[in-house]
Amino acid sequence: MFDKKKLLLKKAYEKAKKELNRVYSSNASVLTYLALELEGKFGSAKDVRTFVRYHKRLIKENKDYEIDEITLDQLSWYVGYDNFEEFCENAVIEKDAGETKIELKIDQDEDSLSEKLSKIIINITNQPIFNVPQLAKNGLGVGAMVLTLAFGLAYQGRGLGEDKYMYWNGEEYVGTNDANANPNSEVVAMNKNMFTHFKKITRPDTLTVENAVGKAWYSKHNNKVEFFTMDGKNPENGKELKSVSEHMVDFYAGIK
């Protein structure tokens, strides 16, 4: 049960953080947003201090902590399930690597992932299914199973299906192996750092002096100001970005 509660809270936290859509979000602000979303849907929910305790104990300290059934059902709804029972039956841990998706499905009768590793089934998109119990039956230990899986992933596409190129889609870089993938945008050599971290901030109203000054960058061209998550050049006009100042937040960002 501990693993299921931890996974549920982690998924709810990640969804709330994504919806909050800020360059920097503290745990308290994310959990406050989550509590308000649940209260808006159900009319009542645990207060933010309770969610902070849940997050601290289950995720930060990796220790079990009691969550009542109503809150578990509410959190399950928030991440796309009717209730906690359905979440336990269907939830998966997803890990994307290029074009490869790894899914770790938690069996409903499972109390601990670490203690019952043999019940985990690993599915690799567009590849044969690696069934961990079958590998175990063939006499492979956990270490050998991990090496077998790693070899399968490496063979699937140069490490983890890494792309050679990338192009700007207006908000972030998209990976590709086709040098002519997008006729409307320059296709450039893959830069892992830019691909992972460089994005346009599409909600400048969420920027504040505290979360943006020295932590975000901007481009001003033809009286148009755009904000980005890291230093570099504006992919759309080639202009060098500048560090966000208090003045830029006051005049071009924040809630108007």
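Report on the accompanying structure. All of these numbers come straight from a predicted model, not from anything done at the bench.

### Describing the overall build of the protein
Piece 1. Counting its secondary structure elements, the protein contains 11 helices and 11 strands.
Piece 2. Expressed as a percentage of the 256 residues in the protein, the buried residues total 34%.
Piece 3. Long-range contacts, defined here as pairs at least 24 residues apart, represent 47% of the contacts in the protein between residues at least 6 apart.

### What to know about the nonpolar core
Piece 1. One finds L34, F51, L75 and F87 to be the most contacted residues of the largest nonpolar core, which totals 25 residues.
Piece 2. Sorting the residues of this core by element identifies helix 1 (2-20), helix 2 (27-42), helix 3 (48-60), helix 4 (69-78) and helix 5 (84-90) as the ones contributing at least two each.
Piece 3. Looking at this core element by element, the count peaks at eight residues for helix 1.
Piece 4. Those residues in contact with F87 that sit more than four places away from it in its chain are K4, L7, L8, K11, S76, V79 and Y81.
Piece 5. I201, L207, A216 and V225 belong to the second-largest nonpolar core, a separate cluster that totals 11 residues.

### Examining the side chain of S29
Piece 1. Within the element layout of this structure, S29 appears in helix 2.
Piece 2. Those residues in contact with S29 that sit more than four places away from it in its chain are L20 and R22.

### A few points about the packing of aromatic side chains
Piece 1. Using the criterion set out here, one finds 11 aromatic pairs in the structure.
Piece 2. Note on W168 and F228: the rings are 6.3 Å apart at their centroids and 45° apart in plane angle, and the pair reads as tilted. Residue W168 is located in strand 5 (residues 165-168), and its partner F228 is located in strand 10 (residues 224-228); the two are separated by 60 residues in the primary sequence.
Piece 3. Given the relative accessible area of 7%, W168 is considered buried.
Piece 4. Look at F228 and you get buried, because its relative accessible area is 0%.
Piece 5. Aromatic pair F198 and F228: ring centres 5.3 Å apart, planes at 20°, arrangement stacked. Of this pair, F198 sits in the loop between helix 9 (192-197) and strand 8 (200-201) while F228 is found in strand 10, placing the two residues 30 residues apart along the sequence. The two residues F198 and F228 agree in class, both being buried.
Piece 6. Feature note: the residues W168, Y173, F198 and F228 constitute an aromatic cluster, connected by ring pairs.
Piece 7. Between K15 and the ring centre of Y78, over which it is positioned, the NZ or CZ distance is 4.5 Å.

### A word on the environment of K5
Piece 1. Structurally, K5 is set in helix 1.
Piece 2. In this structure K5 comes out as buried when scored by relative accessible area, which is 5%.
Piece 3. As a C-alpha pair, K5 and I67 span 62 residues in sequence and 7.9 Å in three-dimensional space.
Piece 4. With sequence-adjacent residues up to four places away left out, K5 is seen in contact with L58, D64, Y65, E66, I67, L72 and F84.
Piece 5. A distance of 2.8 Å separates the side chain of K5 from the backbone oxygen of Y65, its partner in a polar contact.

Thresholds applied
Residues numbered from 1 in each chain as written. Predicted model: local features only at pLDDT ≥ 70, side-chain atom pairs only at ≥ 80, totals over all residues. Heavy atoms only, no water. Helix = DSSP H or I, 4+ residues; strand = E, 2+ residues; numbered from the N terminus. Buried < 20%, exposed > 50% of the residue type's maximum accessible area, 1.4 Å probe, protein only. Contact = heavy atoms within 4.5 Å. Core = buried A, V, L, I, M, F, W, Y, C linked by side-chain atoms within 4.5 Å. Phe/Tyr/Trp six-rings, centres within 6.5 Å; stacked < 30°, edge-to-face > 60°. Lys NZ or Arg CZ within 6 Å of the ring centre and 35° of its normal. Polar contact = N/O pair within 3.5 Å; in protein donor to acceptor, adjacent residues only side chain to side chain.

Purely geometric stuff here, so don't read any function into it on its own.
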